[in-house]
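Letter by letter, the chains look like this.
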Amino acid sequence: MESKRQQKFAGVIQQDLAAIFQREGINYLPNTLVTITKVRVTPDLAIARIFLSFFGNNNLQLALQTIKSHASEIRYKLGARIKDQVRIIPQLEFFVDDTSEYVERMDKIFEKISKEERQPDTE
């Protein structure tokens, strides 16, 4: 369970990273929309785990590697935004959030189930 402090700090990071990706994301991944779906912060606030989703890009692993290769630059830009609010700028760890793919898979399964003929109930 995250503390209120962790949740508040994660929210600040998510908001500022979203602004960074909105303005400068095209430099990292052209023709791709990067969305920060979730941010989790360790109790000491030293590491931030950022979950990303990519729209307009089929190669998720390559997109993630591209973002990871620019992690120090992204951290620097984040630090410039939050330097007055924190003591240390957290290390950034990026992950792919595959929740949307999971939801699509489940929707297809439920759709397939609903199309099957129903067996009459025997009681």
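Rules and cut-offs
- Residues numbered from 1 in each chain as written.
- Predicted model: local features only at pLDDT ≥ 70, side-chain atom pairs only at ≥ 80, totals over all residues.
- Heavy atoms only, no water.
- UniProt positions renumbered as here; feature names shortened; annotations may be inferred.
- Core = buried A, V, L, I, M, F, W, Y, C linked by side-chain atoms within 4.5 Å.
- Buried < 20%, exposed > 50% of the residue type's maximum accessible area, 1.4 Å probe, protein only.
- Helix = DSSP H or I, 4+ residues; strand = E, 2+ residues; numbered from the N terminus.
- Contact = heavy atoms within 4.5 Å.
- Bend = angle between axes of the 7 residues up to and from the residue.
- Axes fitted to C-alpha atoms, helices over the stretch in contact; angles between N-to-C directions.
- Parallel < 35°, antiparallel > 145°, perpendicular 65-115°, else oblique.
- Left-handed = near helix turned anticlockwise from the far one by under 90°.
- Nonpolar A, V, L, I, M, F, W, Y, C, P; charged D, E, K, R; others polar.
- Pairing = 2+ DSSP bridges.
- Salt bridge = Lys/Arg side-chain N within 4 Å of Asp/Glu carboxyl O.

Under an unreviewed UniProt entry, the name given to the chain is Ribosome-binding factor A, and the source organism is Mucilaginibacter sabulilitoris. In its Function (unreviewed entry) section, the UniProt record describing the chain reads: "One of several proteins that assist in the late maturation steps of the functional core of the 30S ribosomal subunit. Associates with free 30S ribosomal subunits (but not with 30S subunits that are part of 70S ribosomes or polysomes). Required for efficient processing of 16S rRNA. May interact with the 5'-terminal helix region of 16S rRNA." Under Subcellular location (unreviewed entry), UniProt gives the following word-for-word description of the chain: "Cytoplasm".

Caption draft 1: Broad picture of the nonpolar core. In this structure, F21, I50, L52, I67 and F94 are the most contacted members of the largest nonpolar core, which totals 28 residues. By residue number, the principal contributor to this core is helix 1 (residues 4–28), which donates 7 residues. The contact partners of F21, leaving out residues within four places of it in the chain, are Y28, V34, I36, L52, I67, I74 and F94.

Caption draft 2: Inspection of helix 1 at higher detail. Q22 marks the point of greatest bend in helix 1, at about 55°. Along helix 1, the residues that are buried comprise Q6, F9, A10, I13, D16, L17, A19, I20, F21, G25 and Y28. Elements that come into contact with the buried residues of helix 1 comprise strand 1 (33–41), strand 2 (47–55), helix 2 (60–69), helix 3 (71–82) and strand 3 (91–96).

Caption draft 3: Structural detail: the packing of helix 1 against helix 3. It is at 10 Å that the axes of helix 1 and helix 3 come closest, and there the two elements cross at 125°. Considering the angle they form, helix 1 stands oblique to helix 3. Considering the relative orientation of helix 1 and helix 3, their crossing is right-handed. Across from F9, V12, I13, D16, L17, A19, I20, F21, R23, E24 and Y28 in helix 1, the residues of helix 3 making contact are E73, I74, K77, L78, R81 and I82. Of the residues that constitute the contact of helix 1 with helix 3, the class distribution is 11 nonpolar, no polar and 6 charged.

Caption draft 4: Focus on the sheet that holds strand 3. Reading across the sheet, the 3 strands line up as 1-2-3 and stay open at both edges, with mixed pairing between neighbours. Two strands bound the open sheet, and with one partner strand each, they are strand 1 and strand 3. On average, each strand axis in the sheet is tilted by 30° relative to the strand beside it, whichever way the strands run. Pairing of strand 2 with strand 3 involves 6 bridges; the strand directions are parallel. Within strand 3, the position partnered with A48 by the bridge is L92. Sheet strands in contact with helix 2 are strand 2 and strand 3, and its direction is about 170° off that of strand 3.

Caption draft 5: Region of the structure containing the pattern of salt bridges. A full pass over the atoms with the stated rule returns 6 salt bridges. A salt bridge links E2 to R40; its shortest N-O distance comes to 3.5 Å. Of this pair, E2 sits in the segment before helix 1 while R40 is found in strand 1, placing the two residues 38 residues apart along the sequence. Assessed through its relative accessible area of 19%, E2 is described here as buried.

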